[in-house]
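One letter stands for each residue in the lines below.
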Amino acid sequence: MILAARSCTVLGEGEQLRLDAVSVEVGQGEIHAVVGPNGAGKSTLMGILSGMQKVDSGSVEFSSRPIRDLNVRELARARSVLGQDLAVSFGFTVAEVVAWGRAPWRGTDQMKEDQNAIEWAMQVAHVTSLRERRINQLSGGERKRVHIARVIAQDCPLNFFDEPDSDLDLIGTNELGATLRSLNEIGRTLLVSSHNLSWVSALATHVILMGDHKIVGRGPTKEILTTQLLSQAYGKTINVQWSSDASGREIAVCTSN
Amino acid sequence: MTRIGKAWILGIALLLILIVLVTISLRFGAAGADSLVIWNIRLPRTVAAVLVGIGLASAGVLLQGSLRNPLADPALVGVSAGAALGAVLGAAVGLPFNSIWVTTVAVLTSSMAMAVVVWVSRSNGRIEVVTVLLAGIAVSAFGAALIAVIASMSDLAGVRSVTFWTTGSFALSNWAGVNSMWPAIAIGVVLAFYLAPSLDLMALGDEGAYASGVSVTRVRTLAILAAVLLTAAGVAVVGVIAFLGLVVPHAIRLVVGPAHRQLLVLSALGGAVVLLLADTIARLALSPVEIPIGSVMAIIGAPVFFVLLGRARNRQGGWA
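All names here are of chain B. Close contact between helix 4 (residues 100–121) and helix 5 (residues 129–153) brings their axes to 9 Å; oriented N to C, the two are set at 140°. As the angle between them shows, helix 4 and helix 5 are arranged oblique. The interaxial crossing formed by helix 4 with helix 5 has right-handed handedness. Contact residues: helix 4 offers A113, V116, V117, V120 and S121, while helix 5 offers T131, V132, A135, G136 and V139. Of the residues in the contact of helix 4 with helix 5, the class split is seven nonpolar, three polar and no charged.

Another aspect to go through is the sheet that holds strand 5 (residues 65–66) of chain A. Through backbone hydrogen bonds, the strands of a sheet pair up, either in parallel or in antiparallel fashion. All names here are of chain A. If you trace the four strands from one edge of the open sheet to the other, you get 2-1-4-5, paired in antiparallel fashion. On the outer flanks of this sheet lie strand 2 (17–26) and strand 5, each paired with one strand and no other. Of the pairings in the sheet, the one linking strand 4 (residues 57–62) to strand 5 comprises two bridges and is antiparallel in character. Bridge assignment links E61 to a residue of strand 5, and that residue is P66.

The next subject is the interface of chain B and chain A. Across the contact, 24 residues belong to chain B and 26 residues belong to chain A. Buried surface at the junction of chain B and chain A, both sides included, amounts to about 2100 Å², of which 57% is carbon and sulfur. For the chain B face of the interface with chain A, the top three residues by lost area are R3(B), L204(B) and Y210(B), together amounting to 27%. At the junction of chain B and chain A, the tally comes to six residue pairs in polar contact (both at pLDDT 80 or more). When contributions to the side of chain B that touches chain A are tallied by element, the ones reaching two or more residues are helix 2 (35–67), helix 7 (175–202), helix 8 (205–211) and helix 10 (244–256) of chain B. Its residues placed into classes, the side of chain B that touches chain A shows 11 nonpolar, six polar and seven charged.

We now examine the pattern of salt bridges. Residues and elements named next belong to chain A. Applying the stated criterion across every chain yields a total of 11 salt bridges over all chains. D155 is paired through a salt bridge with R102; the nearest N and O atoms lie 3.9 Å apart. Separated by 53 residues along the polypeptide, D155 in the loop between helix 5 (140–153) and strand 7 (158–162) and R102 in the loop between helix 3 (94–100) and helix 4 (114–124) bring together distant segments of the chain. What makes D155 partly exposed here is its relative accessible area of 30%. For R102, a relative accessible area of 4% translates into the label buried. A cluster of three or more residues bridged by salt bridges with shared partners is formed by R102, D114, D155 and R188.

Considering all chains together, one arrives at five aromatic pairs over all chains under this definition. With centroids separated by 4.8 Å and ring planes inclined at 70°, the aromatic side chains of F92(A) and W100(A) adopt a geometry described as edge-to-face. Look at F92(A) and you get buried, because its relative accessible area is 0%. We classify W100(A) as buried; its relative accessible area is 6%. Ring centres of F97(B) and W165(B) lie 6.0 Å apart, and the angle between their planes is 35°; this geometry places the pair in the tilted category. Here F97(B) is found in the loop between helix 3 (79–92) and helix 4, whereas its partner W165(B) is found in helix 6 (residues 162–167), with 68 residues between them in sequence.

We now examine helix 5 of chain B. All names here are of chain B. For helix 5, with 25 residues, the first-to-last C-alpha span of 37 Å sits near the 36 Å given by 1.5 Å per residue. All of the buried residues along helix 5 are V129, V132, L133, A135, G136, V139, S140, G143, I147 and I150. Of the surrounding elements, those touching the buried residues of helix 5 are helix 2, helix 3, helix 4, strand 2 (126–127), helix 6 and helix 12 (293–315).

Turning next to the pairing of strand 11 (residues 238–244) of chain A. All names here are of chain A. Note that strand 11 and strand 12 (residues 250–256) share seven bridges and pair antiparallel. Bridge pairing in strand 12 places V240 opposite C254. The hairpin formed by strand 11 and strand 12 contains five residues between the paired strands, and G248 there has a positive phi angle of roughly 85°.

Look at helix 1 (residues 3–27) of chain B: 36 Å from first C-alpha to last across 25 residues, which is about the 36 Å you get at 1.5 Å a residue. Taken as a whole, helix 1 of chain B has its buried residues at R3(B), A7(B), G11(B), L14(B), L18(B), L21(B), S25(B) and L26(B). If you follow the buried residues of helix 1 of chain B, they end up packed against helix 3 of chain A together with helix 2, helix 10 and helix 11 (260–284) of chain B.

It is worth spelling out the pairing of strand 7 of chain A at this point. Residue and element names in this part refer to chain A. Most of strand 7 is tucked away, with five of its five residues classed as buried. Burial along strand 7 is two-sided: L158, F160 and D162 and N159 and F161, pointing in opposite directions, are all buried. Both strand 6 (residues 79–82) and strand 7 contribute to a ladder of four bridges, which runs parallel. Within strand 7, the residue paired with R79 across the bridge is L158. In this structure, strand 7 lies alongside strand 8 (residues 189–193), joined through five bridges in parallel fashion. From the neighbouring strand, F160 faces strand 8, where its bridge partner is L191. Crossover strand 7 to strand 8 through helix 6 (residues 170–185) is right-handed.

Moving on, we come to the sheet that holds strand 8 of chain A. Residues and elements named next belong to chain A. Across the sheet, six strands lie side by side as 6-7-8-3-9-10; this open sheet has mixed pairing. The open sheet is flanked by strand 6 and strand 10 (214–220), the only strands paired with a single partner. For this sheet, the mean angle separating the axes of adjacent strands, direction not counted, is 15°. Of the strand pairs in this sheet, strand 3 (residues 31–35) and strand 8 are connected by four bridges, and their pairing is parallel. Directly across from H32, in strand 8, lies its bridge partner L191. Helix-sheet contacts for helix 5 involve strand 6 and strand 7, and the interaxial angle to strand 6 is about 175°. With respect to the sheet, helix 9 (residues 227–234) is in contact with strand 9 (206–211) and strand 10, its orientation differing from that of strand 9 by roughly 35°.

Criteria and thresholds
Residues numbered from 1 in each chain as written. Chains lettered and ligands numbered in written order. Predicted model: local features only at pLDDT ≥ 70, side-chain atom pairs only at ≥ 80, totals over all residues. Heavy atoms only, no water. Axes fitted to C-alpha atoms, helices over the stretch in contact; angles between N-to-C directions. Helix = DSSP H or I, 4+ residues; strand = E, 2+ residues; numbered from the N terminus. Parallel < 35°, antiparallel > 145°, perpendicular 65-115°, else oblique. Left-handed = near helix turned anticlockwise from the far one by under 90°. Contact = heavy atoms within 4.5 Å. Nonpolar A, V, L, I, M, F, W, Y, C, P; charged D, E, K, R; others polar. Pairing = 2+ DSSP bridges. Buried area = accessible area lost by both parts, 1.4 Å probe. Polar contact = N/O pair within 3.5 Å; in protein donor to acceptor, adjacent residues only side chain to side chain. Salt bridge = Lys/Arg side-chain N within 4 Å of Asp/Glu carboxyl O. Buried < 20%, exposed > 50% of the residue type's maximum accessible area, 1.4 Å probe, protein only. Phe/Tyr/Trp six-rings, centres within 6.5 Å; stacked < 30°, edge-to-face > 60°. Expected span 1.5 Å × (residues − 1). Right-handed = clockwise from strand over helix to strand, strands pointing away.

So, to be careful, I would describe these as geometric facts and stop short of saying anything about function.
What follows is the structure in structure tokens.
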């Protein structure tokens, strides 16, 4: 188990819990999608699993080590995080921003991998040609790809992507899927939160379905993306139909009326 | 040309200009150029201008990087006023001006001023661009008022009038003054270089920097502390000089980009060049009358601030 959370609770304002005794298990090499309606606790769950946010009770472990025992640098070598706030102050170039991904490895043996890791990350995220551009002059989609390259270059076994497909168009979303699959092929474990159920149905091996600050269901994608569980999580009837996309991948078409 | 190539060329050019300016500054003045005048008056004044220039420009870089605020300047965020108040307080309790003791008090009050500004400006884990400046105005007004009160209650401040503190002057910079400021400025510069790589990552915002392995609170606290040392040491001797910490780093960024290692070296050099040039102009333009150095800097700096203000506002979609 590369990542495990045991009955984690996060308190909110007043009586309301932001996460209510949530447990998660993620195996090496899996792709887990975190889905659910707005306000269900997806971001909070991603926050505690990635060590960005503290739990009020319960525990989170990376490869059987409690993450509260890891300092900020060790944490940054164990997991990378693509957040939702991707603004960069000042006119740094794409090459500079991607190179920041290597910061946690400064002063270690891994520094000799810096150049390779950066080149590979830029290639997989399709930003090699933007190398000398300033990041604050790029379009939203390009900027997102640069940050994806940055977190890939960080070279962590565990990678968190918080709504990476928000503000990408159809083509961009497909390319992002391909990028994430290439990462998975070299053995990285991914956690991806998203509102796009069809997209994650073709990408994820497992789904964590959130509703009302609890987990409604978690397990292999096909067992969780069902009419019954989705309707329960969203509080509204959601019909699920599985079919195949152009490349033969199984994809769920989810509709609500 | 690459940014590194440009950085080398700019660095060498600034160094040459600095040497020329130092020569001019030592050679010309209201009095004749005998060795006593040069050694006891012009040389310490020149060294002070170089040190204060290094200090204020580096402090600007540190504040802008650690607060993610392109508009931060030691005088605009209240660091300088806090330091001036400390210097006056120190003198009022009997500590001699241009001594390391006054510098120490200035560092303490300046830290307190900065703590108030940062504390007021925090909102949801971010430090707001505009609130920092508004808090800086309030802290500066408070500091100036207390200085005026202390100055009117005693004549301990002597030749240093209220105007001296608000517009700045190198006229009272002697060797004692130089000796009182260089240790703090040296510590500040070393600390700044140690922090430079982390300051780059701070551009990602608190969450992004933390996710990339930066101890955000620690880096920000140390950066502000370094900015306080770099600013307060100079202010205790020469008073408040605004806009240098804003204009110089901005100009350097336009040429070599925002990466903090180059930015710090070149801003320190650039700060020394600009301030020494401004002081030479202040001294010689209407000789034997001196123009206040702070006025010379404000005439250059205020228009640049307006341009930056407009740009920062556009980027954030307006401040209602």
